[in-house]
Amino acid sequence: MKKKLLRLITAAMAAVLMVSVFAGCQKKEKLYTGDFGLNIITINKGYGTDWLYALKEEFEGMYPGITVNIKKEVTDDNITNKLDAGEEYCQYDLFFTGTDLAKYIKTSVSGEEPVLAELSDIYNNPAAAGEKNVIDRLDESLAATFKIKNGEKTEYYTMPWTQGINGLLYNGKVMREKLGENWKETYPCRTTEEWMDLIEALAAVGQYAFIYAADTQYYQMLYNAWWTQYEGLEGISNYYSGLAYDAAYDKMTVNRGIFQQQGRLEAMKVMGSIMKVPYVYPDSKGIDWNSAQTYFMSGRSAMFPNGDWNNIEMGKMFPENEVQFMKVPVVSALGTKLGITEDELCLAVDYADKVLAGEEPQKPAIVPQEVAGKTLTVDEVLEAVVEVRSVVDTYSNYFTAAIAAWSPRMQYAKEFLRLMVSDKGQEIYSKSVNGNTTLPYGFDISKTDWYAGVSDFAKSRFEIARGATYYYAHTELPLGRDLMAFRAVFQAPIEHLFYGKGWTAEQVIDVDVTYYNTGTNWNSLLELAQLG
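Residues numbered from 1 in each chain as written. Predicted model: local features only at pLDDT ≥ 70, side-chain atom pairs only at ≥ 80, totals over all residues. Heavy atoms only, no water.

Student: Run through the overall build of the protein, naming residues and quoting values.
Tutor: A tally of helices and strands in the protein yields 23 helices and 14 strands. For a compact globule of 532 residues, the expected C-alpha radius of gyration is about 24 Å, and the protein comes in at 24 Å, within 12% of that figure. When the backbone C-alpha atoms are referred to their principal axes, the protein occupies close to 70 × 60 × 50 Å. Within the protein, buried positions represent 55% of all 532 residues. Contacts spanning at least 24 positions in sequence make up 74% of the contacts within the protein whose residues lie at least 6 apart. Once the 50 positive and 70 negative side-chain charges of the protein are each reduced to a mean point, those two points are 5 Å apart. (Helix = DSSP H or I, 4+ residues; strand = E, 2+ residues; numbered from the N terminus. Rg over C-alpha atoms; globule rule 2.2 N^0.38 Å. Buried < 20%, exposed > 50% of the residue type's maximum accessible area, 1.4 Å probe, protein only. Contact = heavy atoms within 4.5 Å. Lys, Arg positive; Asp, Glu negative; His and termini not counted. Charge placed at Lys NZ, Arg CZ, Asp CG, Glu CD.)

Shown next, in the form of structure tokens:
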């Protein structure tokens with residue numbers, strides 16, 4: 001009953017909001033000053049808007065007489081409802097959002113009533129003279145989500161405005177005080193088994209390793225990384241395409257087997273092993289998100305999954321903090337899959353770290369064993385570990401920029417995006433947020449004259465972002481918009497199901513298996529995806 005009432009209240013509020021939006025737009029309020037204006041509306045959350053104002057200043061210097069007007073919103077609904085209002089009622093040209101724009105892309109691709117402008121002329125050309133084409137500067141794993149198939153053509157309707165890095169943070173002050181100055185050497189955390197040694201050592205000295213808030217799902221950032229490490233990028237793509245091996249046909253087909261990917265279970269097993277009483281701040285299930293983040297910064301937990309916006313949000317409150325990113329440990333079950341021991345997996349991770357740092361290390365002495373009738377070569381094992389060591393969870397396919405298809409200032413909106421993704425724009429962007437985030441177009445801030453002065457947090461973040469391979473929810477694939485990573489989150493965040501409710505990994509996975517084997521749920525999912 002409470003949920004139904006909440007839905008009714010929410011719907012009523014949305015209706016009132018839409019009326020106010022249309023009423024406001026019908027007044028044709030002048031949203032800019034001067035002879036000419038480029039009107040931008042942007043989300044103002046964790047990443048802030050300092051970077052956008054810095055780009056505005058540069059752009060206005062490049063185009064004298066043009067005024068860039070910026071409207072800030074704290075909810076994405078207040079941005080997307082401007083797109084819903086359409087050409088007749090909306091005066092915004094350029095949109096910076098933090099949500100999925102797939103439905104607007106779909107309408108635009110159909111060509112019936114386009115909402116978003118097509119951006120191929122930006123992607124397929126250099127943003128500035130002497131630079132690579134923009135599409136060639138994006139990491140391939142991230143670029144895939146922005147490529148939209150329209151018949152024989154590849155089109156683009158959005159582009160990322162941040163290289164979002166989500167992962168594992170640690171509080172360096174806590175680690176030093178509890179485990180000593182050389183804790184990194186003592187606890188290298190290359191794999192999840194090694195990481196458990198660190199977690200248990202913290203518990204032994206009375207320090208909680210983790211904290212969470214029961215109204216958020218941030219530990220999914222770690223699950224996503226472990227899942228991808230085990231299944232590989234192809235396995236994640238198969239999941240969101242509905243493809244699993246079918247023994248009857250001896251090939252991949254669309255079937256319910258996607259819910260029994262071994263990597264999903266292995267990732268959940270790790271989650272269950274860390275969400276236990278000795279390791280988790282005991283009041284987690286009763287605190288809100290802001291408290292959880294603040295308590296971590298003040299030392300009540302040693303580690304915490306979060307995005308690279310953490311120190312943009314928390315830096316002023318904790319100016320002397322020693323928080324940094326730790327690479328997400330490689331799921332130890334991968335060693336079994338590859339036919340190597342835990343010790344050999346650690347050596348392979350060392351090798352991968354050196355390769356990703358640009359070195360040419362000697363191959364470690366590992367001897368792969370037969371698994372399921374096949375024995376991998378040393379090179380195949382090392383290649384697999386190098387690929388997964390760089391996996392990072394990201395929301396960059398949600399933090400996207402788009403131009404209204406009806407914008408009378410289309411060319412200037414495109415020029416603004418070209419500035420943003422050029423080397424000049426990327427440096428302006430990064431410097432304005434002190435290196436705490438960057439754009440994903442290949443600019444190396446470590447080669448700037450100001451990089452030495454950025455925080456250790458920013459440097460740790462950049463080292464992960466530099467060679468990242470991305471996990472994201474594939475909204476561009478058939479099941480991507482309607483299929484979740486796991487349905488158990490409808491009951492509670494995964495961290496709370498383990499710690500607060502005592503669930504097992506098998507129970508979490510079984511929710512999906514049971515649901516999609518019941519009634520018409522699977523067929524309905526396929527119909528939504530036009531696969532049925």
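Student: Give a description of the pairing of strand 13 (residues 400–403) that names residues and reports values.
Tutor: Residues of strand 13 alternate between two faces, with Thr400 and Ala402 on one and Ala401 and Ile403 on the opposite face, all of them buried. Across two bridges, strand 6 (residues 159–160) lies against strand 13 in antiparallel orientation. Bridging from a neighbouring strand, Pro160 pairs with Thr400 of strand 13. (Pairing = 2+ DSSP bridges.)

Student: Before we move on, could you go through unusual backbone geometry and cite the residues and values that matter?
Tutor: For Cys189, which is not glycine, the phi torsion reads 55 degrees and is therefore positive. Among the structural elements, Cys189 can be located in the loop between helix 9 (183–186) and helix 10 (192–204).

Student: Can you tell me about the packing of aromatic side chains, naming the residues and giving the values?
Tutor: Applying the stated criterion across every chain yields a total of 39 aromatic pairs. With centroids separated by 4.9 Å and ring planes inclined at 85 degrees, the aromatic side chains of Tyr223 and Phe486 adopt a geometry described as edge-to-face. Separated by 263 residues along the polypeptide, Tyr223 in helix 11 (residues 220–241) and Phe486 in the loop between strand 14 (469–471) and helix 21 (494–499) bring together distant segments of the chain. As far as burial versus exposure is concerned, Tyr223 and Phe486 are alike and both buried. (Phe/Tyr/Trp six-rings, centres within 6.5 Å; stacked < 30°, edge-to-face > 60°.)

Student: Describe in detail the packing of helix 2 (residues 50–62) against helix 19 (residues 423–432), supporting the description with residues and values.
Tutor: At a minimum axis separation of 8 Å, helix 2 and helix 19 run at an interaxial angle of 140 degrees. When the axes of helix 2 and helix 19 are compared, the pair comes out oblique. Every pair of crossing elements has a handedness; the one defined by helix 2 and helix 19 is right-handed. Side by side, helix 2 and helix 19 meet where Asp50, Trp51, Ala54, Leu55 and Glu58 of the first sit next to Lys424, Gly425, Ile428, Tyr429 and Ser432 of the second. Its residues placed into classes, the contact of helix 2 with helix 19 shows five nonpolar, two polar and three charged. (Axes fitted to C-alpha atoms, helices over the stretch in contact; angles between N-to-C directions. Parallel < 35°, antiparallel > 145°, perpendicular 65-115°, else oblique. Left-handed = near helix turned anticlockwise from the far one by under 90°. Nonpolar A, V, L, I, M, F, W, Y, C, P; charged D, E, K, R; others polar.)

Student: Break down the environment of Thr520 for me, with residues and values.
Tutor: Examined against the element boundaries, Thr520 turns out to sit in the loop between helix 22 (505–516) and helix 23 (521–528). Separated by 59 residues in sequence, Thr520 and Arg461 have C-alpha atoms that sit 44 Å apart.

Student: Lay out helix 22 in plain terms, naming residues and giving numbers.
Tutor: Given a rise of 1.5 Å per residue, 12 residues ought to cover 16 Å, and the 18 Å separating the end C-alpha atoms of helix 22 matches this to within 8%. Buried within helix 22 are the following residues: Ala505, Val508, Ile509, Val511, Asp512, Val513 and Tyr516. Considering only its buried residues, helix 22 is in contact with helix 12 (262–274), helix 21 and helix 23. (Expected span 1.5 Å × (residues − 1).)

Student: Run through the packing of helix 2 against helix 18 (residues 410–421), naming residues and quoting values.
Tutor: Between helix 2 and helix 18, the shortest axis-to-axis distance is 10 Å and the interhelical angle comes to 115 degrees. When the axes of helix 2 and helix 18 are compared, the crossing they make is right-handed. Contacts from Trp51, Leu52, Leu55, Lys56, Glu58, Phe59 and Met62 of helix 2 reach helix 18 at Tyr412, Glu415, Phe416, Leu419 and Met420. Class assignment of the residues belonging to the contact of helix 2 with helix 18 gives a composition of nine nonpolar, no polar and three charged.

Student: I'd like a rundown of the confidence of the model for the protein, residues and numbers included.
Tutor: Averaged over the protein, the pLDDT score is 91; the fraction of residues at 70 or greater is 93%. For residues 1–35, every residue scores under 50 in pLDDT, and the model assigns this stretch 24 contacts once sequence neighbours within four places are set aside. (pLDDT = per-residue confidence, 0-100.)

Student: Explain helix 20 (residues 456–466) to me, using residue names and the numbers behind them.
Tutor: Along an α-helix, residues three or four positions apart point the same way, because every turn accommodates 3.6 residues. Among the residues making up helix 20, those that are buried are Phe457, Ala458, Ser460, Arg461, Phe462, Ile464 and Ala465. In the core, the buried residues of helix 20 are packed alongside strand 7 (166–171), helix 14 (310–314), strand 11 (323–326), strand 12 (391–393) and strand 14.

Student: So what's going on with the state of the cysteines? Which residues, and what values?
Tutor: In this structure the tally under the stated criterion is zero disulfides. Cysteine Cys189 remains unbridged, with the sulfur of Cys346 as its closest cysteine sulfur at 10 Å. Note on Cys189: relative accessible area 3%, which makes it buried. Residue classification places Cys346 among the buried residues on the basis of a relative accessible area of 4%. (Disulfide = S-S within 2.5 Å.)

Student: Please set out the nonpolar core residue by residue, giving values where relevant.
Tutor: Of all hydrophobic cores here, the largest spans 84 residues; its most connected members are Trp195, Leu198, Phe210, Trp226 and Met303. No other element matches helix 11, which puts nine residues into this core. Beyond its immediate sequence surroundings of up to four residues, Trp195 is in contact with Leu168, Cys189, Phe210, Leu222, Trp226, Val270, Ile274, Met303, Met326 and Pro329. Of all hydrophobic cores here, the second largest spans 83 residues; its members include Ala213, Phe296, Phe325 and Ala413. (Core = buried A, V, L, I, M, F, W, Y, C linked by side-chain atoms within 4.5 Å.)

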